[in-house]
Amino acid sequence: MSEELNRPLAQLWQKVLEKTDGIIHEDVVNTWIAPCVPVACEGHELVLAVDVAARKQYIETRLGALLGDIVQQALGADYTFSVVIDPAAAAPKKPAKKEKDPAAEYGTAESIDPPAPTQGSLPLTPPAETNAPAPDDASTLNPKYTFEAFVMGRSNQFSYSMAKAVADAPGLPSHNPLFIYGGVGLGKTHLMHAVGHKILADHPEKRVLYIASTDFTNEFIRSIREKNMDAFREKYYHIDVLLIDDIQFFTGQEQTQTEFFQTFNKLRDNGSQIILTSDRQPQDVKGLEDRLISRFAGGVVVDIQPPEFETRVAILQKKAQSEDVDIPGDVVTYIASRVDSNIRELEGALTRLIKYASMMGVPIDETTCVAALGNYLRGEKGRRITMEMIERIVCTHFKVTSEDIRSTKRSNDIAYPRQIAMYLCHELTDVSWPTIGGFFNRDHSTVIHAHKKIQNQTSEDAATDALIKSLSIQIKGI
């Protein structure tokens, strides 16, 4: 017996969990893998216990190939793993990677209602043990993620409009692929699913497939091991609409990237629509092959920003309506003014408040809100810079209104602040030219012209340079 096998099982398992970092999305690890309990290591086989048959089936069928490789990387090339069902031994444990949430005592949205698949994750709801749906039918789409359920605001208006355009006319070369990027929990996956639902409603005969990039990799690895690549390609080459989430997880996977490149070309040549999401724009995804970057950037690239205040209010109101709970306006305003990072946190805060009020038997008001959420609500410091924040600072400085700066007015007292705001949006955020243009009701070429003009002025005019520096300090200091 090797020295490795004499070490405690927990240490062996910890080595495996550490190896998942960067290979399998954290949500997938926390939901499916971390709750497993190592119960034996006989020969070169690591035996894992799980609590229910559904978890065993999911790990073996959806994660088996990838987890097998990780076990070999962590413990040695001769190692394998197997999964057994033992409810007593495999009581779910809190994932080691997650920090303790101060809101955990009363739960979050996730603890009340199992969430839909998150960006880059596999479905978080255990699959049926038998008669599981085929991966290329409409069941891969989340029924909650429709255009009707999506709250549109200035932060996502361009992305929403492009998604609608794709849904109305899928496969047009002018918007194929559609590449949506942005931070976690901002609605990328929602928009992607909404497109799929609309296309299926208009064209029931079309084959629409939503899949996480990790799933694509798993299927690819399994097909190689089972020497079944013909079936793999037969499946993907005949899809009408491919929706693939979190493309950044292809980084460093050369064979997967090569196979996806071929799949991408085949689908595009067939006139199939491709929609991709990522946490950053194509050229910023490190470890992605240049030819893939070129393909992704060759369609339409749109981003989603954190929701502005008005949109956050609308999201909370819609969430309260879906929960059939009356939330006072001052409470909605209180939450919306303090949770501004992403939609998932925003809805999670409201769900937590509702649960707290129900458990404690108290009315939903601002006092209850403070008691229920505590440190969950952030203050004004450390917020991500958004176009709305930049616009507000610029408007205050020049004593103009938001309506003025987005209007068709071309007088210098309006045009100049508008150009300053456009310049700062490009300099202080990672927002694309078209999105900045959409925010100010302008074409992207107008934004580029404004940026070039202000850039030249800052290098030639000391007063303009000082103004830009002063406004930048104010914006960063919010």
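Here, every reference points to the structure presented above.
Not measured: the values here are computed from a predicted model. (Residues numbered from 1 in each chain as written. Predicted model: local features only at pLDDT ≥ 70, side-chain atom pairs only at ≥ 80, totals over all residues. Heavy atoms only, no water.)

A.B. asks: How should I be thinking about the sheet that holds strand S6 (residues 241-245) in this particular structure?
C.D. replies: Within a beta sheet, neighbouring strands are joined by backbone hydrogen bonds and run either parallel or antiparallel to one another. In space, the five strands of this open sheet follow the order S5-S6-S7-S4-S8, with parallel pairing throughout. Here the strands that pair on one side only, and so sit at the sheet edges, are strand S5 (208-212) and strand S8 (300-304). On average, each strand axis in the sheet is inclined to that of its neighbour by 15°, with strand direction left out of account. Of the pairings in the sheet, the one linking S5 to S6 comprises five bridges and is parallel in character. (Pairing = 2+ DSSP bridges. Helix = DSSP H or I, 4+ residues; strand = E, 2+ residues; numbered from the N terminus. Axes fitted to C-alpha atoms, helices over the stretch in contact; angles between N-to-C directions.)

A.B. asks: Teacher, can you tell me more about the pairing of strand S1 (residues 37-42) here?
C.D. replies: Side chains on a regular strand alternate between the two faces of the sheet. Judged from the five bridges that link them, S1 and strand S2 (residues 45-50) form a sheet pairing that is antiparallel. Note on S2: the bridge partner recorded for Cys41 is Leu46. Between S1 and S2, which pair antiparallel one after the other, the connecting turn spans two residues, and Gly43 there sits at a positive phi close to 65°.

A.B. asks: Please clarify how a nonpolar patch on the surface should be interpreted in this entry.
C.D. replies: On the surface, Met359, Met360 and Val362 cluster together to form a nonpolar patch covering roughly 260 Å² of accessible area. Locating Met360 in the fold gives a position in helix H13 (residues 343-360). (Patch = residues over 30% accessible without salt bridge, like charges linked within 9 Å, V, L, I, M, F, W, Y side chains within 5 Å. Areas by Shrake-Rupley, 256 points an atom, 1.4 Å probe, with all protein chains shown as cover. Salt bridge = Lys/Arg side-chain N within 4 Å of Asp/Glu carboxyl O.)

A.B. asks: Hey, could you run me through the pattern of salt bridges in this one?
C.D. replies: Side chains carrying opposite charge are able to pair once their charged atoms draw close together. By the definition in use, this model includes 12 salt bridges. Glu310 is the salt-bridge partner of Arg154, the closest N and O atoms lying 3.9 Å from each other. Residue Arg154 is located in the loop between helix H4 (109-112) and helix H5 (157-168), and its partner Glu310 is located in helix H11 (residues 309-322); the two are separated by 156 residues in the primary sequence. Assessed through its relative accessible area of 24%, Arg154 is described here as partly exposed. Take Glu310: its relative accessible area is 45%, and that puts it in the partly exposed class. Note that Glu391 is salt-bridged to Arg406, the shortest N-O span being 2.7 Å. One end of the pair, Glu391, is in helix H15 (residues 387-398); the other, Arg406, is in the loop between helix H16 (402-405) and helix H17 (412-428), and 15 residues separate them in sequence. When salt bridges with common partners are traced through the structure, they connect Arg154, Glu310 and Glu388 into a single cluster. (Buried < 20%, exposed > 50% of the residue type's maximum accessible area, 1.4 Å probe, protein only.)

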